[in-house]
Each structure stands twice: as C-alpha cells, then as structure tokens.
Amino acid sequence: MSPLVLTLLLLGGLSEAAGRLLPLIARRPRTSRPQLIPLVLIGAVVEGAVFALWPLIAWTLAGLMLTEPPPGVAAFTWTPDKAVPLLLAAILAFPLLGPLLHMLLLVAVGAGLVAPLAAATGLGWWAAAGCVAVAGLGLGLAVEVVRRLVVQVGALTGVREPAA
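Because the structure is predicted, anything quoted here is derived from the model rather than measured.

> Would you mind going over the overall build of the protein with me for this structure?
A count of helices and strands for the protein gives 5 helices and 0 strands. Residues counted as buried form 33% of the 164 residues belonging to the protein. If you take every contact in the protein between residues at least 6 apart in sequence, the share linking residues at least 24 apart comes to 70%. Total accessible area on the protein stands at roughly 10,000 Å², and carbon and sulfur atoms take up 76% of it.

Have a look at this one:
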C-alpha cells in the first residue's frame, strides 16, 4: 500500500473512532483529555486496520469460491480513488451527521470494491458482491464484539476516572 492510501485509511479510522467516542464523551462530561487521546488514537489504528483488511478478506473469500486460487493478492488492494469515498464515509460517521447516510456511503464504497474484485478473480458480479458484503459485515461484527467485551471488562474491573 502506498503512503497516501495508508494516510487515507488512518484518517478514516481517526474520524470513525472520534465519531464513536463523541456520544460517550457527551454522556460522561468528566472524561479528561489525557484519558481521551489514547482512546481515540487506539481506535484510529483499529478502525484503519479494519478498513485495510476489508479488500483482503473479500479477496480471501473469493479465493475460497474458486476452483483454482486467484493469481495474487497485489491485484486487489486499496487505491487512493477507492479510499477517498471510505474517508468521506468515516467523516460522516459522526452520529449527529447521520448514521443512515454513513451506512449508505459504506455500501457505496463496498459496491466500488465489487467490480475490481470480480475482474481480478473472474467471479461474477453478484458473487463478488457477496464476498465484499460478508467481509464488511464480518469485520464490523468482530469489532463490535470486541468493543462490547472491552466495555464489560472495564465495568467488571471497576475502572474509575479520577475526579477532575
């Protein structure tokens, strides 16, 4: 991946993480900035990694559907023209700006990944769309499960914030 694509994915991850943390901060006004900054940075890296894995997992699923494996992984990765709409979708992830619009944009980004995947693997458009959709949903569900586990572990261990 080029440095430009990595930067776009990290910016998208940063925007997605900030969009997920803003409602929590609104409900817990005593959260201090020194506690918040590491959370946002860790969230940015995790969300950026999830975005980066999306085409790779779709490629892997497509390879499982073929009788012979596709020629190589390098044929299907993020490019700047595919990553820019993803960054826009992440920016619109802020809850006040519209979760439905964010979802529609992610579907559009996924649809943009379908044609290159179909061309690279030789699968039909619908089969490639299924691979992209399953990869996106699987990654999204995995991240959501981890988030909920972290929250539950934090609640069980009684992690408390120092009074400001």
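Now, onward.
> I tried to follow helix α2 (residues 33–65) on my own but got confused; where do I start?
Each full turn of the α-helix corresponds to 3.6 residues, which orients residues three or four apart in the same direction. With 33 residues, α2 ought to run about 48 Å at 1.5 Å a step, and its terminal C-alpha atoms sit 47 Å apart, in line with that. The sharpest bend along α2 reaches about 35 degrees and sits at Leu 53, with the proline Pro 55 one to four residues further on.

> Help me understand the nonpolar core, please; the structure alone is not making it clear to me.
Across soluble globular proteins, nonpolar side chains show a tendency to be buried alongside one another. Residues Trp 54, Trp 78, Leu 86, Leu 117 and Val 132 are the most contacted members of the largest nonpolar core, which totals 28 residues. Elements with a contribution of two residues or more to this core: α1 (3–27), α2, α3 (80–91), α4 (99–121) and α5 (125–157). Among the elements that line this core, the one with the most residues is α5, at 7 residues.

> What am I meant to see in the pattern of salt bridges here?
In a structure, side chains of opposite charge can pair up when their charged atoms sit close to one another. Under the definition given, this model contains 1 salt bridge. Of the charged contacts in the structure, one is a salt bridge between Glu 144 and Arg 148, with a shortest N-O distance of 3.4 Å. On the criterion of helical spacing, the pair formed by Glu 144 and Arg 148 is a turn pair, its members being 4 residues apart in helix α5. Overall, Glu 144 belongs to the partly exposed group, its relative accessible area being 24%. Look at Arg 148 and you get exposed, because its relative accessible area is 56%.

> Looking at this structure, how should I read a nonpolar patch on the surface?
On the surface, a nonpolar cluster with roughly 350 Å² of combined accessible area is contributed by Leu 11, Leu 14, Ile 37 and Leu 41. Following the sequence through the fold, Leu 41 ends up in helix α2.

> Which parts of the structure should I look at to understand the side chain of Thr 121?
Considering the arrangement of structural elements, one finds Thr 121 in helix α4. In terms of polar contacts, Thr 121 uses its side chain to reach the backbone carbonyl oxygen of Leu 117, at 2.8 Å. At 3.3 Å, the side chain of Thr 121 forms a polar contact with the backbone nitrogen of Leu 123.

> What exactly am I supposed to notice about the packing of aromatic side chains here?
Each aromatic ring pair is characterised by the separation of its centres together with the angle its planes make. Applying the stated criterion across every chain, the model contains 1 aromatic pair. Centroid distance Trp 125 to Trp 126: 5.1 Å. Interplanar angle 85 degrees. Geometry classified as edge-to-face.

> How should I be thinking about the environment of Phe 76 in this particular structure?
Secondary-structure assignment places Phe 76 in the loop between α2 and α3. For Phe 76 and Pro 55, which are 21 residues apart along the polypeptide, the C-alpha to C-alpha distance reads 6.7 Å. The contacts of Phe 76, once residues within four sequence positions are left out, are Pro 55, Ala 58, Trp 59, Lys 82, Leu 113, Pro 116 and Leu 117.

> Mind showing me how you'd approach the environment of Ala 44 here?
With respect to the secondary-structure elements, Ala 44 resides in helix α2. Sequence spacing of Ala 44 and Gly 13 is 31 residues, and the spatial spacing of their C-alpha atoms is 4.2 Å. Apart from residues no more than four positions distant in its own chain, Ala 44 is found in contact with Leu 10, Gly 13, Leu 14 and Ala 17.

Rules behind the numbers
Residues numbered from 1 in each chain as written. Predicted model: local features only at pLDDT ≥ 70, side-chain atom pairs only at ≥ 80, totals over all residues. Heavy atoms only, no water. Helix = DSSP H or I, 4+ residues; strand = E, 2+ residues; numbered from the N terminus. Buried < 20%, exposed > 50% of the residue type's maximum accessible area, 1.4 Å probe, protein only. Contact = heavy atoms within 4.5 Å. Areas by Shrake-Rupley, 256 points an atom, 1.4 Å probe, with all protein chains shown as cover. Expected span 1.5 Å × (residues − 1). Bend = angle between axes of the 7 residues up to and from the residue. Core = buried A, V, L, I, M, F, W, Y, C linked by side-chain atoms within 4.5 Å. Salt bridge = Lys/Arg side-chain N within 4 Å of Asp/Glu carboxyl O. Patch = residues over 30% accessible without salt bridge, like charges linked within 9 Å, V, L, I, M, F, W, Y side chains within 5 Å. Polar contact = N/O pair within 3.5 Å; in protein donor to acceptor, adjacent residues only side chain to side chain. Phe/Tyr/Trp six-rings, centres within 6.5 Å; stacked < 30°, edge-to-face > 60°.

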